[in-house]
Amino acid sequence: MKNSIKVFRAKANITQEQLANALGVYRQTIIAIEKSKYVPSLTLAFKIARHFNVNVEEIFECEEADLK
Amino acid sequence: MKQNAFYILTGLVVTALVGIFWLSLEWNNALPIQIGFIIGIIMLYLARSRVVGIIADERSIAISQKAAFHTLEIFWVVFFTFSLGFIVWTSSIFFGLERTPPFRFMREHNPTDMEFGRPFLNPGFIQLLFLCIIIFLYVGFKFYYERKYGGEDTDEE
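Residues numbered from 1 in each chain as written. Chains lettered and ligands numbered in written order. Predicted model: local features only at pLDDT ≥ 70, side-chain atom pairs only at ≥ 80, totals over all residues. Heavy atoms only, no water.

S.K.: When you look at the environment of I63(B) in this model, what are you seeing that I'm missing?
M.R.: All names here are of chain B. Tracing the chain through its elements places I63 in helix α3 (residues 58–90). Taking the relative accessible area as the measure of exposure, I63 reaches 0% and is therefore buried. In this structure the C-alpha to C-alpha distance between I63 and Y145, which are 82 residues apart in sequence, comes to 5.9 Å. Discounting residues that sit within four places of it in the chain, I63 has contacts with K142, Y145, E146 and Y149. (Helix = DSSP H or I, 4+ residues; strand = E, 2+ residues; numbered from the N terminus. Buried < 20%, exposed > 50% of the residue type's maximum accessible area, 1.4 Å probe, protein only. Contact = heavy atoms within 4.5 Å.)

Written as C-alpha cells, this is what we have:
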C-alpha cells in the first residue's frame, strides 16, 4: 500500500511529531506508515485524509499486489 | 494518576507481596499469598486504567496483540507438554496402573512433597520458571514486530 503522507505533510509544513499528536498516535506509527511498513486501520486512514482535507484515495494507493 | 505514581504503587505492591509470600511460608498456608497476589494484580490493573498520558496507539496495540498471540502459541505447547509429563509421573495409580516414575529421585520421593534443596523438581518452581521465560519470549516477539512494522526512530527528512 503506497501513500503520499510525506508529500501532504510537506505541503502543510508539519512534522511527523505534529501529525502524530494531531491524530493521537505515536510518531513511530507515522514513520511506519510513511515507509509503507505498516498499513493503518480504516479509521486512522480516514483521520489522516480528513486532517489534510482530501479523500482517502488521494493519500493511499492500493497496488495489485495488495489485493492478491 | 501520573505514570510515576503508578510505578511507585507497583513497587509498593511488589514489596507487600514479597512480605506476604514470606508470611505464607512461615504459616505454611498458601491462601494469604494467593489471595494477596490476586488483589495486588487487580489493584495494579485498576491503577493502570487511571494513568493519564498513555496514547492507545493502534500500531503498538497491534504489535502487542501479535506478540502475545505468538507467545501463547508457543507457551501452551510447552506448558501442555510439561503438564502431560507430570500427570504421567504422578497419576499412574489414579488410572489403576503401577507407579514407576522414570527418575530415581522421584521413585524415592513424593514429587509433590520434595525436600528443601531440590526445589527445582517441584512443579511450582518449574511453572514459575516457565512464566519467567514467557516474559522473555513476549519481549523478543515485541522487538521483532517493532522492527517488522518499521518503528525505528529516524530523523525527520
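So that's the structure; there's more coming.
S.K.: I would appreciate a short explanation of the packing of aromatic side chains in the present structure.
M.R.: Each aromatic ring pair is described using two quantities: the centre-to-centre distance and the angle formed by the ring planes. Residues and elements named next belong to chain B. Summed over all chains, the structure comprises 11 aromatic pairs over all chains. An angle of 55° between the planes, with centres 6.1 Å apart, marks the rings of F6 and Y7 as tilted. Accessibility expressed as a relative area gives 13% for F6, which makes it buried. On the numbers, 4.9 Å between centres and 75° between planes, the contact of Y144 with Y145 is edge-to-face. (Phe/Tyr/Trp six-rings, centres within 6.5 Å; stacked < 30°, edge-to-face > 60°.)

S.K.: For this particular structure, what's the right way to read helix α2 (residues 31–49) of chain B?
M.R.: Residues and elements named next belong to chain B. Here α2 contains 19 residues, and its C-alpha end-to-end distance of 27 Å stays within 8% of the 27 Å for a straight helix at 1.5 Å per residue. What α2 keeps buried is the set I33, G36, G40, L44 and A47. The buried residues of α2 occupy one face: seen down the axis, they fall within an arc of 70°. Those residues of α2 that are exposed and aimed more than 90 degrees away from the buried face are I38, Y45 and S49. Where α2 is buried, its residues meet α1 (3–27). (Expected span 1.5 Å × (residues − 1). Arc of directions from axis to C-beta.)

S.K.: What should I look at first to understand the nonpolar core in this one?
M.R.: Counting 25 residues, the largest nonpolar core has I5(A), I48(A), F52(A), I59(A) and F60(A) as the members making the most contacts within it. At the level of elements, α1 (5–12), α2 (16–23), α3 (27–34), α4 (42–51) and α5 (56–59) of chain A together with α3 and α5 (123–148) of chain B are the ones that each hand at least two residues to this core. Considering each element in turn, this core owes the most residues, four residues, to α4(A). Counting residues in hydrophobic clusters, the runner-up holds seven residues, among them V13(B), L17(B), I33(B) and L44(B). (Core = buried A, V, L, I, M, F, W, Y, C linked by side-chain atoms within 4.5 Å.)

S.K.: Mind showing me how you'd approach the confidence of the model for chain A here?
M.R.: Interpretation of the predicted coordinates at a detailed level should be avoided for regions scoring low in pLDDT. Of all residues in chain A, 100% have pLDDT values of 70 or greater, and the mean over the chain is 91. At the level of individual helices and strands, chain A shows its lowest average pLDDT in helix α6 (residues 64–67) of chain A, which scores 76, and its highest in α4(A), which scores 94. (pLDDT = per-residue confidence, 0-100.)

S.K.: Is there a simple way to explain the confidence of the model for chain B in this structure?
M.R.: Residue and element names in this part refer to chain B. Residues of chain B with pLDDT of at least 70 account for 75%, and the chain-wide mean is 82. Mean pLDDT across the elements of chain B ranges from a minimum in helix α4 (residues 104–108), with 61, to a maximum in α2, with 94. ipTM for the predicted complex: 0.83, alongside a pTM of 0.72.

S.K.: Just checking my understanding: could you explain the packing of α2(A) against α3(A) for this structure?
M.R.: The relative placement of two packed helices is expressed as an angle between their axes plus a distance between the axes. Residue and element names in this part refer to chain A. Between α2 and α3, whose axes approach to 8 Å, the crossing angle comes to 110°. Relative to α3, α2 is oriented roughly perpendicular. Handedness of the α2/α3 crossing: right-handed. Side by side, α2 and α3 meet where Q16, E17, L19, A20 and L23 of the first sit next to R27, I30, I31 and E34 of the second. Within the contact of α2 with α3, the residues separate by chemical class into five nonpolar, one polar and three charged. (Axes fitted to C-alpha atoms, helices over the stretch in contact; angles between N-to-C directions. Parallel < 35°, antiparallel > 145°, perpendicular 65-115°, else oblique. Left-handed = near helix turned anticlockwise from the far one by under 90°. Nonpolar A, V, L, I, M, F, W, Y, C, P; charged D, E, K, R; others polar.)

S.K.: Whenever I open this one, unusual backbone geometry confuses me. Can you help?
M.R.: Comment: phi is negative for the bulk of residues other than glycine, and the bulk of peptide bonds are trans. All names here are of chain A. Positive phi, normally seen in glycine, also occurs at S36, with a value near 60°. Checked against the element boundaries, S36 lands in the loop between α3 and α4. Residue classification places S36 among the partly exposed positions, given a relative accessible area of 39%.

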